[in-house]
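A look at the structure
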Amino acid sequence: MTAIGSYSIVSGDTLSQIAQRVGASVQALQALNPQINNPDLIFAGDSLRISGGPDISGAGGAGPGGPGATAVGTEAINGPVAGLQGANAAAIAEQFIGRNAGDLKHSNELPMESWVPDNVNCANFVSACLQQAGLINASQASASVDQLANNLRGAGWQQTPLANAQPGDVVLMQSNGQSHVVLFAGFENGTPKFIGSNNVNADGTQRISWGGASGNYYLLTPPR
């Protein structure tokens, strides 16, 4: 289980998708939420307990779904993500969807290097999410895609086929001589989802967004 706390269900969510997103099983979420009689029937606006940790609504919140509550993957959270320690790296990354990497690296919300140019923060962001998830330490982090890959292999990470990938595994690719790295975020309707710091802004700078993996990519998974 993760330490995310509570999650406000949004339209289109399924229990299996939420479980995959936070690195839990459907059965574990049902055990934490005995009000769910049918795992195929959940309702937008309801609060779902994700773990025994605190609600993620923040100090100004009024409990699950109260003022200040933030749905996973829809808005940026307020303040550092220390409460997400133990979550898989993709679930941590999802908290920052829509944020510009250039702003995020100066915010102290993740252990990102502030000196990295705004158009090449992919490894900087993935390293920070892996650190926050407790999968690597600061000496293994790198703002270089190739160096990060080497550090992971040196720490025992192994290449894994997509069919066996777990949310939070690292996805690496090269295109036109340039390297890029994102995180595997699970499957949705049989289609793999990826998340990372991608060059999607009009000026060529990076923003935390879905996607980022195409062509020939490979996945690294930590020792299990």
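Before any of the text, the structure's been laid out above.
Residues numbered from 1 in each chain as written. Predicted model: local features only at pLDDT ≥ 70, side-chain atom pairs only at ≥ 80, totals over all residues. Heavy atoms only, no water.

1. Looking at the overall build of the protein chain
Secondary structure assignment for the protein chain yields 6 helices and 8 strands. Taken from N to C terminus, the helices and strands of the protein chain fall in the order β-α-α-β-α-α-α-α-β-β-β-β-β-β. Of all 224 residues assigned to the protein chain, the portion counted as buried reaches 46%. Partitioning the intrachain contacts of the protein chain with sequence separation of at least 6 by distance along the chain shows that 54% fall at a separation of at least 24. Total accessible area on the protein chain stands at roughly 10,300 Å², and carbon and sulfur atoms take up 47% of it. (Helix = DSSP H or I, 4+ residues; strand = E, 2+ residues; numbered from the N terminus. Buried < 20%, exposed > 50% of the residue type's maximum accessible area, 1.4 Å probe, protein only. Contact = heavy atoms within 4.5 Å. Areas by Shrake-Rupley, 256 points an atom, 1.4 Å probe, with all protein chains shown as cover.)

2. Examining the packing of helix α5 (residues 122-132) against helix α6 (residues 145-154)
Viewed as axis vectors pointing N to C, α5 and α6 meet at an angle of 30°, and their least axial separation amounts to 9 Å. When the axis of α5 is compared with that of α6, the two are roughly parallel. Residues Cys122, Ala123, Val126, Ser127 and Leu130 of α5 form the contact with α6, whose own contacting residues are Val145, Leu148 and Leu152. For the contact of α5 with α6, a count of residues per class yields 7 nonpolar, 1 polar and no charged. (Axes fitted to C-alpha atoms, helices over the stretch in contact; angles between N-to-C directions. Parallel < 35°, antiparallel > 145°, perpendicular 65-115°, else oblique. Nonpolar A, V, L, I, M, F, W, Y, C, P; charged D, E, K, R; others polar.)

3. Concerning the side chain of Asn124
Relative to the elements of secondary structure, Asn124 occurs in helix α5. A distance of 2.8 Å separates a polar side-chain atom of Asn124 from the backbone nitrogen of Glu113. Here the side chain of Asn124 touches Asn121 through a polar contact of 2.8 Å, side chain to side chain. Discounting chain neighbours no more than four positions away, the residues touching Asn124 are Lys105, Met112, Glu113, Val116, Ser142 and Ala143. (Polar contact = N/O pair within 3.5 Å; in protein donor to acceptor, adjacent residues only side chain to side chain.)

4. Things to note about unusual backbone geometry
A positive phi is found at Asn108, a non-glycine position, where the angle reads about 65°. Summarising the element assignment, Asn108 is placed in the loop between α4 (101-104) and α5. Given a relative accessible area of 65%, Asn108 falls into the exposed group. Positioned with a positive phi, Asn189 is a non-glycine residue whose angle comes to about 55°. Within the secondary structure layout, Asn189 lies in the loop between β5 (178-188) and β6 (191-198). Asn189 gets classed as exposed once you look at its relative accessible area, which sits at 74%.

5. Side note on the side chain of Thr205
Mapped onto the fold, Thr205 is located in the loop between β6 and β7 (207-210). A polar contact is formed between the side chain of Thr205 and the side chain of Asn201, at a distance of 3.0 Å. Separated by 2.6 Å, the side chains of Thr205 and Asp203 make a polar contact. The residues contacting Thr205, other than those within four sequence positions of it, are Asp118, Asn119, Asn198, Asn199 and Val200.

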